[in-house]
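Now for the letters of each chain:
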There are 2 protein chains.
Amino acid sequence: VRARLGDHVYGADGEPLPAVVGGLLRSRRATLALAESLTGGLVGHLITEVPGASAYLLGAVVAYSDEAKTALLGVERHVLTYQGAVSEAAARQMAEGVRRAFGAEYGLSTTGIAGPGGGSEAKPVGTVHLALAGPEGTVSRHLLGSGDRHRVKLRAAWSALDLLRRALKD
Amino acid sequence: VRARLGDHVYGADGEPLPAVVGGLLRSRRATLALAESLTGGLVGHLITEVPGASAYLLGAVVAYSDEAKTALLGVERHVLTYQGAVSEAAARQMAEGVRRAFGAEYGLSTTGIAGPGGGSEAKPVGTVHLALAGPEGTVSRHLLGSGDRHRVKLRAAWSALDLLRRALKD
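Residues numbered from 1 in each chain as written. Chains lettered and ligands numbered in written order. Predicted model: local features only at pLDDT ≥ 70, side-chain atom pairs only at ≥ 80, totals over all residues. Heavy atoms only, no water.

S.K.: Summarise the overall build of chain A; cite the residues concerned and give the values.
M.R.: Each helix and strand in chain A was counted, giving 6 helices and 5 strands. A burial count over chain A gives 59% of its 170 residues as buried. Of all intrachain contacts in chain A linking residues separated by at least 6 positions in sequence, the fraction that spans at least 24 positions is 62%. Accessible surface computed for chain A: about 6700 Å², of which carbon and sulfur atoms make up 48%. Between the mean site of the 19 positive side-chain charges and the mean site of the 16 negative ones, chain A shows a separation of 2 Å. (Helix = DSSP H or I, 4+ residues; strand = E, 2+ residues; numbered from the N terminus. Buried < 20%, exposed > 50% of the residue type's maximum accessible area, 1.4 Å probe, protein only. Contact = heavy atoms within 4.5 Å. Areas by Shrake-Rupley, 256 points an atom, 1.4 Å probe, with all protein chains shown as cover. Lys, Arg positive; Asp, Glu negative; His and termini not counted. Charge placed at Lys NZ, Arg CZ, Asp CG, Glu CD.)

S.K.: Could you give me a rundown of the environment of valine 152 of chain A, with the residues and numbers involved?
M.R.: All names here are of chain A. Tracing the backbone shows valine 152 in helix H6 (residues 149-169). Sequence separation between valine 152 and leucine 34 is 118 residues; the distance between their C-alpha atoms is 18 Å. In contact with valine 152, other than residues within four places in its own chain, are Leu38, Ile113, Ala114, Gly126, Val128, Ser146 and Gly147.

S.K.: Pulling in residues and values, what's your account of unusual backbone geometry?
M.R.: Glycine aside, residues mostly have negative phi angles, and peptide bonds mostly take the trans form. Residues and elements named next belong to chain A. A cis amide bond, omega 0 degrees, links glycine 115 with the succeeding residue proline 116. If you trace the backbone, proline 116 turns up in the loop between strand E3 (106-112) and strand E4 (127-134). Backbone geometry places arginine 29, a non-glycine residue, at a positive phi of 50 degrees. Note that arginine 29 resides in the loop between helix H1 (17-27) and strand E1 (32-36). In this structure arginine 29 comes out as exposed when scored by relative accessible area, which is 78%.

S.K.: Kindly report on the pairing of strand E2 (residues 57-63) of chain A, identifying the contributing residues and their values.
M.R.: Summarising burial for E2 of chain A: 7 of the 7 residues are buried, a large majority. Sheet analysis places E1 of chain A next to E2 of chain A, joined by 5 bridges and oriented parallel. Along E2 of chain A, the bridge assignment pairs glutamate 36 of chain A with valine 62 of chain A. Crossover handedness for the path E1 of chain A to helix H2 (residues 42-47) of chain A to E2 of chain A: right-handed. Sheet analysis places E2 of chain A next to strand E2 (residues 57-63) of chain B, joined by 5 bridges and oriented antiparallel. (Pairing = 2+ DSSP bridges. Right-handed = clockwise from strand over helix to strand, strands pointing away.)

S.K.: Kindly report on the relation of the copies chain B and chain A, identifying the contributing residues and their values.
M.R.: Rotating chain B by 180 degrees about the axis while translating it 0.0 Å along that axis superimposes it on chain A, leaving an RMSD of 0.0 Å. Taken together, these values place the two copies in the relation of a two-fold axis. Every residue of chain B has its C-alpha some distance from the rotation axis, and the shortest such distance is that of glycine 41 of chain B, at 1.9 Å. Residue by residue, 100% of the interface of chain B is reproduced at the interface of chain A, so both copies engage with the same surface. (Least-squares fit on C-alpha atoms with pLDDT ≥ 70 in both.)

S.K.: Before we move on, can you summarise the side chain of glutamate 36 of chain A with the specific residues and values?
M.R.: Residues and elements named next belong to chain A. Among the secondary structure elements, glutamate 36 is positioned in strand E1. Among buried Asp, Glu, Lys and Arg side chains, glutamate 36 stands out as unpaired, with lysine 153 the closest opposite charge at 7.7 Å. Reaching out from glutamate 36, the side chain makes a polar contact with the side chain of threonine 39 at a distance of 2.6 Å. Residue contacts for glutamate 36: discarding those within four places in its chain leaves Gly41, Leu42, Val43, Gly44, Val61, Val62, Ala63, Met94 and Thr110. (Salt bridge = Lys/Arg side-chain N within 4 Å of Asp/Glu carboxyl O. Polar contact = N/O pair within 3.5 Å; in protein donor to acceptor, adjacent residues only side chain to side chain.)

S.K.: So, the packing of helix H1 (residues 17-27) of chain B against helix H6 (residues 149-169) of chain B: which residues are in play, and what are the values?
M.R.: Residue and element names in this part refer to chain B. Closest axis-to-axis distance for the H1/H6 pair is 10 Å, and the angle between their directions is 30 degrees. In terms of orientation, H1 lies roughly parallel with respect to H6. Handedness of the H1/H6 crossing: left-handed. Only Trp158, Leu161, Asp162, Leu164, Arg165 and Leu168 of H6 make contact with H1, whose side of the interface consists of Leu17, Pro18, Val20, Val21, Leu24 and Leu25. (Axes fitted to C-alpha atoms, helices over the stretch in contact; angles between N-to-C directions. Parallel < 35°, antiparallel > 145°, perpendicular 65-115°, else oblique. Left-handed = near helix turned anticlockwise from the far one by under 90°.)

S.K.: An account of the interface of chain B and chain A is needed here, citing residue identities and associated values.
M.R.: It is common to give the size of an interface as the accessible area that goes away when the parts come together. Taken together, the contact between chain B and chain A spans 34 residues of the former and 34 residues of the latter. Taking both sides of the interface into account, the surface hidden between chain B and chain A amounts to around 2900 Å²; carbon and sulfur atoms contribute 56%. Counting every contact that joins chain B to chain A gives 2 salt bridges. Our count for the chain B to chain A interface comes out at 22 residue pairs in polar contact (both at pLDDT 80 or more). Sorting the residues of the side of chain B that touches chain A by element identifies helix H2 (42-47), E2, helix H3 (66-73) and H6 of chain B as the ones contributing at least two each. (Buried area = accessible area lost by both parts, 1.4 Å probe.)

Structure (structure tokens):
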């Protein structure tokens, strides 16, 4: 992973976070699938910068439209209607749905509002929900940051990788 | 799109290629879906760096495993067996499959060998097949380049966007 993809995308010992996560998945012989909305493919791109990523990354669904979230990931229509595509419930269902669709040990999801448009008082630009579905259940994380579209996406991708790293480390 | 994501990712007039493609899709009220293997999400990431990309990008499937290529994109098993996941036939079926899965006007695919491992005499590292499925049929492109993993991915993503730009311009 090149420095130009985000200077802060590093784990412990200066090793890039995608390589740290890859090493943990590899040592556990675990597989991963991604459900990306906000990040649009950035998490998958970062993970596949690491040689040999095909040993653990099965694939991803980038579900930018609501239709894709329901049809490909099994997110329930009422969640999109009443809680919205950017919500903890949607993030959890995306992670669980992609884990099921790919038959992976772990499903990791990102949803949020990258801006500059689309924000509201309740969900301002920079609102991010992440979720990780695994053998022991599903955990989620809520971020609220500032910055431009690129930074919101990059922080979300980094945090998603970190959520996975912490789960694998335990 | 930041310069650090690849200084050569630019279209005419210095406008970033993802923005050029986005403008063309928008003016034609056309939608796009991506089937990424080699690029691992990079094409989707680049497209979603442009504000308002949700108006035309429905989503993507990153199909890194053969299983994902068959189950989610409808690539035929015999194509994977006899021509391989990195072949013109696989790229065409990926593009057509993702177009169908998302109900998009255009389906754009990438497959290839990023390296450093996985190359052979017949298909060296840097071998890339791209395809674009649209209302008028499917076109494909074969690239053979050199460079490290990051460069192979970046060139493939740029070429895929350029393939789409040319089709939309006609």
